[in-house]
Amino acid sequence: MSAQETPNVAAKTTKTPKGAWTITFLLFLFMVVNFADKIVVGLAGVPIMTEMKLSAEQFGLLGSSFFFLFSISAIVVGFIVNKVPTRWVLLTLAVIWAVSQFPMVGTVSFTTLLICRIVLGAGEGPAFSVAAHAIYKWFPDEKRTLPTAILSQGSAFGVILAVPALNWIIVNHSWHYAFGALGVVGLIWVAAWLALGKEGPLEDTEVLAATEPKIPYVQLLTSRTFLGCVVATFGAYWALSLGLTWFTPFIVKGLGFSQSQAGFISILPWVFGATIVILTGWISQVMMARGYTTRVSRGVLGSVPLIVGGLILTAMAHVEGAGLQIALLVVGSGLCGAIYVVCPPMLGEFTPASQRGAVLAIYGALYTLSGIIAPSVMGTVIQRASSMLDGYLTGFTINAVVMIGSGVIGLLLLWPNTEKARLTRGAAAQGTALKGAVSPT
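Keep in mind that this is a model prediction, so the values were computed, not measured. (Residues numbered from 1 in each chain as written. Predicted model: local features only at pLDDT ≥ 70, side-chain atom pairs only at ≥ 80, totals over all residues. Heavy atoms only, no water.)

**Concerning the overall build of the protein chain**
- Scanning the protein chain from N- to C-terminus turns up 21 helices and 0 strands.
- Taking 441 residues into account, the globule formula puts the C-alpha radius of gyration at 22 Å, and the protein chain, at 22 Å, falls close to it.
- With the C-alpha coordinates aligned to their principal axes, the bounding extent of the protein chain is approximately 70 × 50 × 35 Å.
- Looking at the protein chain residue by residue over its 441 residues, the buried ones come to 58%. (Helix = DSSP H or I, 4+ residues; strand = E, 2+ residues; numbered from the N terminus. Rg over C-alpha atoms; globule rule 2.2 N^0.38 Å. Buried < 20%, exposed > 50% of the residue type's maximum accessible area, 1.4 Å probe, protein only.)

Below you can see the structure in the form of structure tokens.
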């Protein structure tokens, strides 16, 4: 079947409301803060391990601890935003982020640091799903890929902007103050959102919850596109969680660079990843405008870079030279960004708006489980390897295998256009029955 045999062109295009891009920018900043909070432990990894006398396995546990409540929180909050305005949920999450940073400013035990990271993870678990749900109240389906790409860009810019500033604080003052600086930045965003944040006008949460036809969650969560999104993004997030926790220690302890040099090098994967994210969002939207199905313009476009990135990572263990190894790691892991752009819009295609918050949250909760596994696996592999560099390279090879496998599964399962037709037939029948049974008053 040709990519253009079933055009994905809406019969009627909804106009984007005034203020939509202002909200998109605020939520982009929301994700900037989110990823700055995530990266700080990896960036300060060597000073933290040195001061607290942590082994590689203990530091791997610290990296994984962030995700202990991540998925549970994401699911709980996902169901909440089906009925509660996202404006107040986003505000609450940002306050939790800020408050959880301040205990690290003074002398802190490993247990306290561990608990604060668990609390932070609980606050950040629902972040992207709730933010995407909020943005989709401002943009119709055919215009959602680009704002989703901008939202995803917050992760890259959170690292690109935060790493030089936080690394300067770590090198010239202390890693403790880096956490405090993030707490202050979080409170600044809270103030900005209080002043400017609004709920999108395209969807009324209470009205949709009462009137919109529902699709049983078991059908939504067992659909092949939902499963494909979970598996594909699981592989991408494996790479991302390793980057957050282990990239800077790899540069310092594995390759022998200084902490100052590592601060600059740590930005590179995120700069490349940011380019991939924006290109994917733009290309996807152009393809849809030209009549390509969302199977091609979203499913294939997101899965193939994941497979290619994994193949590139497999070469790391077989080349010599720090520069070439860094280049392969930057390009291989950076290509993962494409899947984050296309999966939320694909799920939004066939999920009723009144159920979308929960579905996006459950999707996020499942794929981020790799954040619990990946840092600990890397720590264990390093601890047991004959040399530290060998341990790192083995860990990145495992990452490559996970990426390739998840990308192939995604390529086979992501068919959102046919998924929508199959699921909405039942919802339409239910809606007809509902109209016949309910009084107009």
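Next comes the rest of the account.
**Points about unusual backbone geometry**
- Not every positive phi belongs to a glycine, and Lys53 is a case in point at roughly 55°.
- Counting through the fold element by element, Lys53 comes out in the loop between α2 (45-52) and α3 (56-65).

**A word on a nonpolar patch on the surface**
- Side chains of Leu61, Phe68, Leu69, Ile72, Val76, Ile80 and Val84 sit close together on the surface and give an oily, nonpolar patch of about 540 Å² of accessible area.
- It is helix α4 (residues 70-80) that contributes the most residues to the nonpolar patch, 3 residues altogether.
- Looking at where Ile72 falls in the secondary structure, it is placed in helix α4. (Patch = residues over 30% accessible without salt bridge, like charges linked within 9 Å, V, L, I, M, F, W, Y side chains within 5 Å. Areas by Shrake-Rupley, 256 points an atom, 1.4 Å probe, with all protein chains shown as cover. Salt bridge = Lys/Arg side-chain N within 4 Å of Asp/Glu carboxyl O.)

**Considering the packing of aromatic side chains**
- Going through the model one piece at a time under the given rule, you end up with 21 aromatic pairs.
- Centroid distance Phe67 to Phe70: 5.0 Å. Interplanar angle 55°. Geometry classified as tilted. The two residues Phe67 and Phe70 agree in class, both being buried.
- For the cation-ring pair, Lys38 lies above Phe35, with the distance from its terminal atom to the ring centre recorded as 4.4 Å.
- The ring of Trp88 carries the charged tip of Arg87 above its face, separated from the ring centre by 4.4 Å. (Phe/Tyr/Trp six-rings, centres within 6.5 Å; stacked < 30°, edge-to-face > 60°. Lys NZ or Arg CZ within 6 Å of the ring centre and 35° of its normal.)

**Let's talk about the nonpolar core**
- Formed by 120 residues in total, the largest nonpolar core has its most connected members in Leu27, Phe30, Leu90, Trp175 and Trp270.
- Here this core gets 16 residues from one element, more than from any other, and that element is helix α12 (residues 224-254).
- Discounting residues that sit within four places of it in the chain, Phe30 has contacts with Leu90, Leu93, Ala94, Trp97, Ala127, Ala131 and Trp189. (Core = buried A, V, L, I, M, F, W, Y, C linked by side-chain atoms within 4.5 Å. Contact = heavy atoms within 4.5 Å.)

**Remarks on the environment of Val402**
- Tracing the sequence through the fold places Val402 in helix α20 (residues 388-413).
- Placed 209 residues apart in sequence, Val402 and Trp193 show a C-alpha to C-alpha distance of 38 Å.
- Those residues in contact with Val402, other than ones at most four positions away along the chain, are Phe234, Gly235 and Trp238.

**Let's talk about α2**
- Among all positions of α2, only Gly45, Val46, Ile48, Met49 and Met52 are buried. The buried residues of α2 occupy an angular sector of 165° when the element is viewed end-on, so they sit on one face.
- The inward-facing, buried residues of α2 contact α1 (20-43), α3, α6 (110-124), α9 (175-196), α12 and α13 (259-265).
- Taken from the residues just after α2, Lys53 is the one with a positive phi, measuring 55°. (Arc of directions from axis to C-beta.)

**With respect to the pattern of salt bridges**
- Enumeration according to the criterion identifies 4 salt bridges in this entry.
- Between Glu124 and Lys38 there is a salt bridge, with the nearest N and O atoms lying 3.2 Å from each other. Here the residue Glu124 occupies a position in helix α6, and Lys38 occupies one in helix α1, the gap between them amounting to 86 residues.
- Here Glu419 and Arg422 are joined by a salt bridge, their closest N and O atoms 2.6 Å apart. In this pair, Glu419 and Arg422 both sit in helix α21 (residues 416-437), 3 residues apart, roughly one turn of the helix.

**Structural notes on the confidence of the model for the protein chain**
- Confidence in the prediction of the protein chain, expressed as mean pLDDT, is 86, and 91% of residues score 70 or more.
- Predicted confidence in the protein chain is weakest over helix α10 (residues 205-211), with a mean pLDDT of 60, and strongest over helix α15 (residues 294-314), with 96.
- Within the model, pLDDT remains below 50 along residues 1-12, and this stretch shows 20 contacts once partners closer than five positions in the same chain are excluded.
- Counted against residues more than four places away or in other chains, residues 433-441, with its pLDDT under 50, gives 1 contact. (pLDDT = per-residue confidence, 0-100.)

**Concerning the packing of α15 against helix α16 (residues 322-334)**
- Between α15 and α16, the least distance of the axes is 7 Å, while the angle of their chain directions is 160°. The orientation of α15 with respect to α16, classified from their angle, is roughly antiparallel. The handedness of the crossing between α15 and α16 comes out as left-handed. The residues of α16 that touch α15, namely those facing Gly309, Ile312 and Leu313, are Leu328, Leu329, Val331, Gly332 and Ser333.
- Looking at the contact of α15 with α16, its residues break down into 5 nonpolar, 3 polar and no charged. (Axes fitted to C-alpha atoms, helices over the stretch in contact; angles between N-to-C directions. Parallel < 35°, antiparallel > 145°, perpendicular 65-115°, else oblique. Left-handed = near helix turned anticlockwise from the far one by under 90°. Nonpolar A, V, L, I, M, F, W, Y, C, P; charged D, E, K, R; others polar.)

**A short note on the packing of helix α7 (residues 127-135) against helix α8 (residues 145-172)**
- Contact pair α7 / α8: the axes reach a minimum separation of 10 Å and the direction vectors enclose 150°. Judged by the sense of rotation from one axis to the other, the crossing of α7 with α8 is right-handed. Within the contact between the two elements, α7 uses Phe128, Ala131, Ala132 and Ile135 and α8 uses Pro147, Thr148, Leu151 and Ser152.
- Of the residues contributing to the contact of α7 with α8, the split by class is 6 nonpolar, 2 polar and no charged.

**Some remarks on α15**
- For α15, spanning 21 residues, the distance from its first C-alpha to its last is 30 Å, which sits close to the expected 30 Å at 1.5 Å a residue.
- Approximately 35° is the largest bend angle found in α15, and it occurs at Val300. (Expected span 1.5 Å × (residues − 1). Bend = angle between axes of the 7 residues up to and from the residue.)

**Digging into the environment of Gly281**
- Along the chain, Gly281 turns up in helix α14 (residues 268-289).
- Taking the relative accessible area as the measure of exposure, Gly281 reaches 0% and is therefore buried.
- The contact partners of Gly281, leaving out residues within four places of it in the chain, are Thr145, Leu146, Ala149 and Val341.

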